[in-house]
Amino acid sequence: MNGIEEFGQSDVVRILRGTELVMLTTALRDGALVSHPMTIQEVSDDVDVLFYVGLDSGHAEALRQGSAVNLAVAEGGTWLSVAGKAVFEDDRARIRALWTDAAEAYFPEGPEDENLGLLRFSGDSAQYWGMPGGKVAAVAQIVRARLTGDRPAGGTATTDL
């Protein structure tokens, strides 16, 4: 990303592809928010993100209450929030194609596990906040700001997807 003012869909895709875990937040019918850590299986150029999910889990039950969700990533001076919708997909062939050994810890019966589902998140908009220079530079800017009383460099941008 050249600058925050140039933030766009390709930046969202790049950040998500460089991230293993995100927090996925679901709004329940009563308005309560519930968040769960999720491991990304795949990110498309259109900001469709695939996740494995246990179909009999409390998380799946929360997702069945409404499709509006949010993905959040926070890492070393940057933060990304992506609003969108999530739907369950019944695609055993896709589950097999995405299968990794790491998934076996959660689904010991493998890709044929009847409890294993595929969740597709489709992004609608994203907001980014960050400091230039990456993690080390961000820490240095925060320390310098604390010492001088100045605000650290950084900015925010929003984009439709």
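Residues numbered from 1 in each chain as written. Predicted model: local features only at pLDDT ≥ 70, side-chain atom pairs only at ≥ 80, totals over all residues. Heavy atoms only, no water.

(A) Region of the structure containing the nonpolar core. One finds Leu16, Phe51 and Leu80 to be the most contacted residues of the largest nonpolar core, which totals 26 residues. Put simply, the parts of the chain that give this core at least two residues each are helix 1 (9–17), strand 1 (21–27), strand 2 (33–43), strand 3 (48–54), helix 2 (58–64), strand 4 (68–75), strand 5 (78–89) and strand 6 (116–130). Core analysis: the second largest hydrophobic core is formed by 9 residues, Ile95, Ala103, Leu116 and Leu118 among them. (Core = buried A, V, L, I, M, F, W, Y, C linked by side-chain atoms within 4.5 Å. Buried < 20%, exposed > 50% of the residue type's maximum accessible area, 1.4 Å probe, protein only. Helix = DSSP H or I, 4+ residues; strand = E, 2+ residues; numbered from the N terminus.)

(B) Representation of the pattern of salt bridges in the model. Enumeration over the complete set of coordinates arrives at 8 salt bridges. As a salt-bridge pair, Asp124 and Lys85 come within 3.8 Å of each other at their nearest N and O atoms. Taken together, the residues span a long stretch of sequence, with Asp124 in strand 6 and Lys85 in strand 5 at a distance of 39 residues. The class for Asp124 is partly exposed, based on a relative accessible area of 38%. Across the salt bridge formed by Arg120 and Glu89, the nearest N and O atoms sit 2.4 Å from each other. (Salt bridge = Lys/Arg side-chain N within 4 Å of Asp/Glu carboxyl O.)

(C) Quick look at the packing of aromatic side chains. Summed over all chains, the structure comprises 3 aromatic pairs. Relative to Tyr128, the ring of Phe7 has its centre 5.3 Å away and its plane inclined at 20 degrees; by these criteria the two rings are stacked. In this pair, Phe7 sits in the segment before helix 1 while Tyr128 sits in strand 6, placing the two residues 121 residues apart along the sequence. Side by side, Phe7 and Tyr128 carry an identical accessibility label, which is buried. (Phe/Tyr/Trp six-rings, centres within 6.5 Å; stacked < 30°, edge-to-face > 60°.)

(D) Spatial organisation of the environment of Ser35. Along the chain, Ser35 falls in strand 2. Its relative accessible area of 38% is what places Ser35 among the partly exposed residues. Along the sequence, Ser35 and Met23 sit 12 residues apart, while their C-alpha atoms lie 6.1 Å from each other. Apart from the residues within four sequence positions on either side, Ser35 is in contact with Met23, Leu24 and Thr25. Polar contacts involving the side chain of Ser35 include one to the side chain of Thr25, which spans 2.6 Å. (Contact = heavy atoms within 4.5 Å. Polar contact = N/O pair within 3.5 Å; in protein donor to acceptor, adjacent residues only side chain to side chain.)

(E) Expanded view of the pairing of strand 6. Bridge count for strand 3 against strand 6 is 7 bridges, and the pairing is antiparallel. Opposite Val53, over in strand 6, you have Gly117 as the bridge partner. (Pairing = 2+ DSSP bridges.)

(F) Structural context of the side chain of Asp48. Looking at where Asp48 falls in the secondary structure, it is placed in strand 3. Among the polar contacts made by the side chain of Asp48, one reaches the side chain of Arg120 at a distance of 3.4 Å. A polar contact is formed between the side chain of Asp48 and the side chain of Ser122, at a distance of 2.9 Å. Excluding residues that lie within four positions of it along the chain, Asp48 makes contacts with Glu42, Val43, Arg120, Phe121 and Ser122.

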